[in-house]
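Tertiary structure, described
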Amino acid sequence: MIKVLKSTSKYVQGQGALGQLDQYLQGMGKRLLILTDSFVDTFVHPILERCFCGKDYNLIYETFSGECCQAQIDRLARIAGDRTCIVGIGGGKTLDTAKGAAHYAGLPMVIIPTIASSDAPCSACSVIYYEDGTFDRYLFLNASPDVVLADTAIIAGAPSRLLVAGMGDAMATWFEARACRASGKNNQVCAKPTRAATSLARLCWENLKKDGLAAKLAVDAGACTEAVEVIVETNTYLSTVGFESGGLAAAHGIQKGFTHIPALHRQPHGFNVAFCTLAQLVLEDAGEDLKEALAFSRSVGLPVCFADLGYPDIEPALVRTAAEKACVPSSTIHNMPFDVTGEMVYHALMAADAYGRDYLRAAERQPQNTPHGLSRLHSNAI
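Residues numbered from 1 in each chain as written. Predicted model: local features only at pLDDT ≥ 70, side-chain atom pairs only at ≥ 80, totals over all residues. Heavy atoms only, no water.

1. With respect to helix α2 (residues 70-79)
Quick note on the threshold: Think of it in three bands: with a 1.4 Å probe and only protein chains considered, a residue is buried below 20% of the maximum accessible area for its type, exposed above 50%, and partly exposed in between. Working definition: helices are DSSP H or I runs of at least four residues, strands are E runs of at least two. Numbering for both runs from the N terminus. What the arc covers is the set of directions going from the helix axis to the C-beta atoms. Residues count as neighbours in contact if any of their non-hydrogen atoms are within 4.5 Å of one another.
Within α2 the residues assigned to the buried category are Gln-72, Ile-73, Leu-76 and Ala-77. Buried residues of α2, seen end-on, are gathered within an arc of 130° and therefore sit on one face of the element. The inward-facing, buried residues of α2 contact β2 (31-36), β3 (58-63), α3 (92-105) and β6 (125-129).

2. Focus on the nonpolar core
Counted only if it meets this: Joining through side-chain atoms within 4.5 Å is the link that ties buried Ala, Val, Leu, Ile, Met, Phe, Trp, Tyr and Cys residues into a set, and such a set is a nonpolar core.
Among the nonpolar cores identified, the biggest contains 67 residues, and Ile-254, Phe-258 and Leu-349 are the most heavily contacted of them. Of all the elements, helix α5 (residues 160-183) adds the most residues to this core, at 10 residues. With near-sequence residues (within four places) excluded, Ile-254 lies in contact with Cys-276, Ala-279, Leu-283, Ala-326, Ile-333, Val-345 and Leu-349. The next biggest cluster of nonpolar side chains, apart from the first, holds 23 residues, and it includes Leu-32, Ile-34, Phe-52 and Ile-154.

3. Quick word on the packing of aromatic side chains
Stated formally: Whether two aromatic rings pair depends on their centres lying within 6.5 Å, for rings of Phe, Tyr and Trp, where Trp uses its six-membered ring; planes under 30 degrees apart make the pair stacked, over 60 edge-to-face, and the rest tilted. Only when the NZ atom of a Lys or the CZ atom of an Arg is both within 6 Å of the ring centre and within 35 degrees of the ring normal do we say a charge sits over the ring.
One pass over the full model with this rule turns up 12 aromatic pairs. Considering the side-chain rings of Tyr-138 and Phe-140, the 5.8 Å spacing of their centres and the 35° angle between planes classify their relative orientation as tilted. By the ring-pair criterion, three or more aromatic residues cluster together here, those being Tyr-129, Phe-135, Tyr-138 and Phe-140. Lys-93 extends its terminal NZ or CZ atom over the ring of Tyr-129, reaching a point 4.4 Å from the ring centre. Note that Arg-161 overlies the ring of Phe-271, its terminal NZ or CZ placed 4.7 Å from the centroid.

4. Regarding the packing of helix α8 (residues 250-258) against helix α9 (residues 269-283)
Cut-off, in case you're wondering: For every element, the axis is a line fit to its C-alpha atoms; helices are fit only across the contacting stretch, and the angle between N-to-C directions ranges from 0 to 180 degrees. Under this scheme an angle from 65 to 115 degrees is roughly perpendicular, one under 35 degrees roughly parallel, and one over 145 degrees roughly antiparallel; angles in between are oblique. In this scheme, a crossing is called left-handed if the near helix is turned counterclockwise away from the far one by less than a right angle; it is called right-handed if the turn is clockwise.
Where α8 contacts α9, the axes come no closer than 8 Å and their chain directions differ by 125°. For the element pair α8 / α9, the angle class is oblique. Remark: the crossing between α8 and α9 carries right-handed chirality. Across the interface between the two elements, Ala-250, Ala-251, His-252, Ile-254, Gln-255, Lys-256 and Phe-258 from α8 touch His-269, Asn-272, Val-273, Phe-275, Cys-276, Thr-277, Ala-279, Gln-280 and Leu-283 from α9.

This is how it looks when you write it as structure tokens:
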């Protein structure tokens, strides 16, 4: 039985790290293709120009727009013909596009997230969509990014809702890795999970409960604290190793089905994953874990019902379609330690919605206990 843990070659994190990018490009040449979207370019371009000033680098910039689809990836791979490295800077879809282009062009890849809203930056795969936003396929890459650089000064300056979305993506990590270990199924690199990967997946959940709310509150206040550093690392690095080398299961399988509900396209990936995690826990009949996940989700502002996802008028036929699509033969839902059908997923989603709405009604009737995520604040105050 072969076990494999896959990880980025170098992970760099800290305030001001982007201004030192040149220090982490050894062996990657000096002709860089930099992919950003138009908004991100406004604040990273000046930092990069200062960083590379007088250092004999040749930079060309390309703008990402639209969808992370095969056409975009092919276009960038052609442009990269005379480049020595591709640098992707921005959110998840920009980064996945950069990784895909580097893969097809056979170039080193440097990934720089400007938000911590998902575990896309460190992974050795890109999630490819059709141009209409529906899920196409996973593109599995030959290697993880050569460098992932997370500048926490930039990330902490983004809206806290994006950090919370990353927490939603990371919340699934432990529950899915646990399911893969229980079933004996392969992880995302076609091998059995190592104990290290499963342990890092568990650490994701522990960090979220301990520091999640404290990090959100700090970002809301424009501060970059140790709690923010912990959650950025959790969302960006730990969650990647946890899902990729620990394995995916129902939560992400159901989320792929959600791409067939147009009303949910407006939500960040992590918000949909968070609710799909609740559905996985319903499938598992994991009552205590479900209670804990509901409490954490409410404390940081993750969705606990369809209405929280901007979908109050549920269309049962569409939910059934999403449930069926979640169970296609290639879905990670089949990594669960029991057989799962579309009918089971439909009922789990409807039940998760009902439990979430009931939880919100009960919470309105009684004062909250100490919320998740403030343990660091309380321990520091004692």
